[in-house]
Amino acid sequence: MITKDMFVTSNVDVVEIGFAALSDLSDEDYRSYVRDTLISVNHHDILVFDPTGSGLAKCREQLDILVSELLALRSQLPSRARV
């Protein structure tokens, strides 16, 4: 069960890529953006969202759940042909 005491409030300025720029990225550039800007495994072996440092997964099982949830959202996005 998730409770409020599990969350930490932080005041972090996040620089994000604009929606129009996101649409213009090639697959290679998008992969670099994800790999180099969005996610990494930190020195505590935690998968983090780099812009804020928020933890996403601590173990492979949690990563599997995250991947599963992302795949479930896939059908809500348009294909490139419709973007």
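Residues numbered from 1 in each chain as written. Predicted model: local features only at pLDDT ≥ 70, side-chain atom pairs only at ≥ 80, totals over all residues. Heavy atoms only, no water.

1. Remarks on the overall build of the protein chain
- Along the protein chain, the regular secondary structure elements total three helices and three strands.
- Each helix and strand of the protein chain, placed in order from N terminus to C terminus, yields the pattern α-α-β-β-β-α.
- Across the 83 residues that make up the protein chain, the buried fraction comes to 6%.
- Of the roughly 7700 Å² that the protein chain leaves accessible, carbon and sulfur atoms contribute 56%. (Helix = DSSP H or I, 4+ residues; strand = E, 2+ residues; numbered from the N terminus. Buried < 20%, exposed > 50% of the residue type's maximum accessible area, 1.4 Å probe, protein only. Areas by Shrake-Rupley, 256 points an atom, 1.4 Å probe, with all protein chains shown as cover.)

2. Description of the sheet that holds strand 1 (residues 39-41)
- If you walk across this open sheet you meet the three strands as 1-2-3, and the pairing is antiparallel. The sheet is open, and its two edges are formed by strand 1 and strand 3 (54-57), each paired on a single side. The average angle at which neighbouring strand axes cross in this sheet is 40°, direction not considered.
- Alignment of strand 1 against strand 2 (residues 47-49), held across three bridges, turns out to be antiparallel. Paired with Ile-39 across the strands is Phe-49, a residue of strand 2.
- Its contacts with the sheet put helix 2 (residues 27-38) on strand 1 and strand 2, and the angle it makes with strand 1 is roughly 50°. (Pairing = 2+ DSSP bridges. Axes fitted to C-alpha atoms, helices over the stretch in contact; angles between N-to-C directions. Contact = heavy atoms within 4.5 Å.)

3. Some remarks on the packing of aromatic side chains
- For the structure shown, the criterion picks out one aromatic pair.
- Here Tyr-30 and Tyr-33 contribute two aromatic rings whose centre-to-centre distance is 6.1 Å and whose plane-to-plane angle is 50°, an arrangement assigned as tilted. With Tyr-30 and Tyr-33 both in helix 2 and three residues apart, the pair spans about one turn of that helix.
- You can call Tyr-33 buried: its relative accessible area is 18%. (Phe/Tyr/Trp six-rings, centres within 6.5 Å; stacked < 30°, edge-to-face > 60°.)

4. Quick look at a nonpolar patch on the surface
- A contiguous nonpolar patch, built from Phe-19, Leu-22 and Tyr-30 and spanning about 340 Å² of accessible area, is present on the exposed surface.
- Along the polypeptide, Phe-19 turns up in helix 1 (residues 19-24).
- Phe-19 gets classed as exposed once you look at its relative accessible area, which sits at 72%. (Patch = residues over 30% accessible without salt bridge, like charges linked within 9 Å, V, L, I, M, F, W, Y side chains within 5 Å. Salt bridge = Lys/Arg side-chain N within 4 Å of Asp/Glu carboxyl O.)

5. Focus on the environment of Gln-62
- In this structure, Gln-62 sits in helix 3 (residues 60-73).
- A sequence separation of 15 residues divides Gln-62 from Leu-47, and the C-alpha atoms of the two residues are 9.7 Å apart.
- From its side chain, Gln-62 meets the backbone nitrogen of Lys-58 in a polar contact 2.6 Å long. (Polar contact = N/O pair within 3.5 Å; in protein donor to acceptor, adjacent residues only side chain to side chain.)

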